[in-house]
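One letter stands for each residue in the lines below.
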Amino acid sequence: MSRTSRSKHCDRCERGHDKSDHDCRENWSGSSKAMEPDMAVEVVAKNKLLTSQNCNIGEMTMPAMFMLSRERESAYPVEKWSDISHIKRNLSNTLYALKLTDQTMIYIKKNFACLLEQNRNNVEATEDAPENLVPHIFGDHTSCSNIGSGVWCRYSEDPVNYKHSGLPHGKPLSNPTPKATLSKTMERYAKAAKKIAPGGSSQANESFNNIVCTKAPKYKYYGGSESFDFRLASAVLQKNEGTKYVSGTMHKLSLSPGSESAKVREMKDHKRSSRATLQKSKEIKKRRSELKKQKSSTVSAAERRKGITYSTGCDVEGITSLLQNPTVLTMAPYGRSRSCRADSYKISMKNTTKNVQILDAGLMANSSSFA
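Taking an unreviewed UniProt entry as the reference, the protein is identified by name as 60 kDa chaperonin belonging to Frankliniella fusca.

What follows is the structure in structure tokens.
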């Protein structure tokens, strides 16, 4: 559709060259944070291609700052959609703040995502679903039949033997503290149902940003010359046409793309397309969820087992705190030599993953010193 860029510096201008003797790309003097809204306004509101076709973009998923700039520059109203990934991430942050167990957090996030997907483009159902989710988690199923379309809660099929598949021991939550916080959070989502229901996502933008990073890595500075614009153009071509744009460019320049090069480009594009299709399949999504759950369980077990070695700021903890933590200390006889005193012990803190000894401290009876 269109592309543009913003640059605050020009290498040749900073060296004293006149703008007329080189291709100067310096076109911005404001703050870096204001670059994205300004570029979006140019691409959308001031796009000559869209204007010539009388095409208006009235709904989009964009940051709030851009929406303000967009509405100032546009002659027609714009409706903002919420990014579904951001909504889920905000819910995750709320659950972490409540210090719930990993199993409980996974269960709540899974059900919340299920509700949003089932009620996509249904504003009324999306408005009711979040508020009815909290009673369901806490054992009140009177409103479960009102949560959008599809089979969501199976309590009505067997009320006596019903168990929550993802909660500990299949029992509902009972602590009133997280219930109040979750209710307020879901109420906020219900009020924003009109923005959430379409299920907007900015993942396509993030995908394009990753392509740009391969052409113009952040650890190298290309913004001071026309090089960045050329790299940006190649990223746009790869996003739209795949890697075969290289062969097309060579052909347009009357250069031979090479038969082997064309085969490699075709193979890469086929691999990319196949992988994208595979990643969207139900089996792969389920497998990703299982691996994530397994990793979370492994990390939690390691944190419980290693104690202070996994704690925040453990490097500044004193030896007293170390001795008071029984989860990381093992007591063993200091040695088997007959000359060794019976009341001598060795205190070892070990890395349980590789069984590597990190600290040896000799503790002598009736002594406060360590060696």
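Enquirer: So what's going on with the overall build of the protein? Which residues, and what values?
Expert: When helices and strands are counted, the protein shows 15 helices and 5 strands. Here the protein, with 371 residues, has 30% of them falling under the buried criterion. Carbon and sulfur atoms make up 52% of the accessible area of the protein, which totals about 25100 Å².

Enquirer: Mind laying out helix H7 (residues 123-137), listing which residues take part and the relevant values?
Expert: Given a rise of 1.5 Å per residue, 15 residues ought to cover 21 Å, and the 22 Å separating the end C-alpha atoms of H7 matches this to within 8%. Largest kink in H7: about 30 degrees, centred on alanine 129, with the proline proline 130 one to four residues after it. Taken together, the buried residues of H7 touch helix H6 (102-118), helix H8 (176-191) and helix H9 (193-196). Where H7 begins, the capping side chain belongs to asparagine 122, and its oxygen is found 3.4 Å from the backbone nitrogen of glutamate 124. A positive phi of about 95 degrees marks glycine 139, the residue just after H7.

Enquirer: Provide a residue-level description of the packing of helix H10 (residues 203-215) against helix H11 (residues 227-241), including the pertinent values.
Expert: Two numbers describe how H10 lies on H11: the axes approach to 9 Å, and their chain directions differ by 130 degrees. Judged by the angle between their axes, H10 and H11 are oblique. Both H10 and H11 take part in a crossing whose hand is right-handed. Along the contact surface, H10 presents Ala204, Ser207, Phe208, Ile211, Val212 and Lys215, while H11 presents Arg231, Leu232, Ser234, Ala235, Val236, Gln238 and Lys239. A class-by-class count of the residues in the contact of H10 with H11 yields 7 nonpolar, 3 polar and 3 charged.

Enquirer: Help me get a handle on a negative patch on the surface, residues and values and all.
Expert: A contiguous patch of negative charge, built from Glu124, Glu127, Asp128 and Glu131, is present on the exposed surface. Looking at the element boundaries, aspartate 128 is found in helix H7.

Enquirer: Describe a positive patch on the surface, listing the residues and the values that go with them.
Expert: A contiguous patch of positive charge, built from Lys88, Lys280, Lys285 and Arg288, is present on the exposed surface. On the secondary structure map, arginine 288 appears in helix H14 (residues 282-306). Arginine 288 gets classed as partly exposed once you look at its relative accessible area, which sits at 40%.

Enquirer: Can you tell me about the environment of valine 212, naming the residues and giving the values?
Expert: Summarising the element assignment, valine 212 is placed in helix H10. Each residue touching valine 212, except ones within four places of it in the same chain, is listed here: Leu232 and Ala235.

Enquirer: A description of the nonpolar core should follow, citing residues and the corresponding values.
Expert: Counting 22 residues, the largest nonpolar core has Leu95, Phe112, Ile137, Met186 and Tyr189 as its most contacted members. Mapped by element, the contributors of at least two residues to this core are helix H5 (84-97), H6, H7 and H8. The greatest single-element share of this core, amounting to 6 residues, is contributed by H6. Excluding residues within four positions of it along the chain, methionine 186 makes contact with Leu91, Phe112, Pro130, Glu131, Leu133 and Val134.

Enquirer: How would you sum up the pattern of salt bridges? Please name residues and give values.
Expert: In total, this model carries 8 salt bridges according to the counting rule given. As a salt-bridge pair, glutamate 117 and arginine 120 come within 2.8 Å of each other at their nearest N and O atoms. Among the ionic pairs, glutamate 187 bridges to lysine 191, the shortest N-O distance being 3.9 Å. Taken together, the residues span about one helical turn, with glutamate 187 and lysine 191 both in helix H8 at a distance of 4 residues. For glutamate 187, a relative accessible area of 36% translates into the label partly exposed. Classification of lysine 191 by relative accessible area gives exposed; the value is 68%. Connected through shared salt-bridge partners, Arg6, Asp38 and Glu42 make up one network.

Enquirer: Provide a residue-level description of the packing of aromatic side chains, including the pertinent values.
Expert: Per the counting criterion, the structure on display carries 2 aromatic pairs. Here the aromatic rings of phenylalanine 112 and tyrosine 189 are separated by 5.4 Å at their centres, their planes lie at 40 degrees, and the arrangement is tilted. Here phenylalanine 112 is found in helix H6, whereas its partner tyrosine 189 is found in helix H8, with 77 residues between them in sequence. Neither residue differs from the other here; phenylalanine 112 and tyrosine 189 are each classed as buried. Centroid distance tyrosine 155 to tyrosine 162: 5.7 Å. Interplanar angle 85 degrees. Geometry classified as edge-to-face. Overall, the relative accessible area of 30% leaves tyrosine 155 in the partly exposed class. Sitting over the face of the ring of phenylalanine 230, arginine 25 holds its NZ or CZ atom 5.8 Å from the ring centroid. The ring centre of tyrosine 189 lies 5.4 Å from the NZ or CZ of arginine 188, which sits over that ring.

Enquirer: Explain the packing of H5 against H6 to me, using residue names and the numbers behind them.
Expert: Where H5 meets H6, the closest approach of the two axes is 10 Å, and the angle between their N-to-C directions is 155 degrees. Classified by the angle between their axes, H5 and H6 sit roughly antiparallel to one another. Taken as a pair, H5 and H6 cross one another with a handedness that is right-handed. Judged by residue contacts, Ile84, Ile87, Lys88, Leu91, Ser92, Leu95 and Tyr96 of H5 engage Met105, Ile108, Lys109, Phe112, Ala113 and Leu116 from H6. Grouping the constituent residues of the contact of H5 with H6 by class yields 10 nonpolar, 1 polar and 2 charged.

Scoring rules and cut-offs
- For every chain, the first residue of the written sequence is number 1, and numbering continues from 1 along that sequence.
- Side-chain atom pairs in this predicted model are given and counted only at pLDDT of 80 or more, local residue features only at pLDDT of at least 70, and totals for whole chains, interfaces and linings cover all residues.
- Values reported for side chains reflect all heavy atoms of the structure, with hydrogen atoms and water molecules removed beforehand.
- Counting from the N terminus, the helices are DSSP H or I runs at least four residues long and the strands are E runs at least two residues long.
- Relative accessibility under 20% of the residue-type maximum defines a buried residue, over 50% an exposed one, and the middle range a partly exposed one, all with a 1.4 Å probe and only protein chains included.
- Here the Shrake-Rupley method, with its probe set to 1.4 Å, supplies the accessible areas, and only the displayed protein chains count as covering residues.
- One less than the residue count of a helix, multiplied by 1.5 Å, gives the span that helix is expected to have.
- Here the bend at a residue means the angle between the axes of two seven-residue stretches, the one that ends at it and the one that starts at it.
- It only takes one pair of heavy atoms within 4.5 Å for two residues to be counted as in contact.
- Within 3.5 Å is the distance limit for a polar contact, defined as a pair of N or O atoms, with the added protein rule that one can donate a hydrogen and the other accept it, and that residues adjacent in sequence qualify only through two side-chain atoms.
- Lines fitted to the C-alpha atoms define the axes, with helices restricted to the stretch that makes contact. Angles between their N-to-C directions range from 0 to 180 degrees.
- Roughly parallel means an angle under 35 degrees; roughly antiparallel, over 145; roughly perpendicular, 65 to 115; everything else is oblique.
- In this scheme the crossing of two helices becomes right-handed for a clockwise turn of the near helix relative to the far one and left-handed for an anticlockwise turn of less than a right angle.
- When residues are grouped by polarity, Ala, Val, Leu, Ile, Met, Phe, Trp, Tyr, Cys and Pro land in nonpolar, Asp, Glu, Lys and Arg in charged, and all others, Gly among them, in polar.
- Residues with no salt bridge and a relative accessible area higher than 30% make up the patches, which join like charges within 9 Å and nonpolar side chains (Val, Leu, Ile, Met, Phe, Trp, Tyr) within 5 Å.
- Salt bridge, as applied in this entry: a Lys or Arg side-chain nitrogen positioned within 4 Å of an Asp or Glu carboxyl oxygen.
- In this charge count, Lys and Arg are treated as positive and Asp and Glu as negative; neither His nor the chain ends contribute.
- Charge positions are represented by NZ for Lys, CZ for Arg, CG for Asp and CD for Glu.
- What we call a nonpolar core is a set of buried Ala, Val, Leu, Ile, Met, Phe, Trp, Tyr and Cys residues that are connected through their side-chain atoms within 4.5 Å.
- Stacked, edge-to-face and tilted are the three classes for Phe, Tyr and Trp ring pairs, Trp counted by its six-membered ring, which pair at centre distances within 6.5 Å; planes under 30 degrees apart are stacked, over 60 edge-to-face, the rest tilted.
- A ring is scored as having a charge over it whenever the NZ atom of a lysine or the CZ atom of an arginine sits within 6 Å of its centre and within 35 degrees of its normal.

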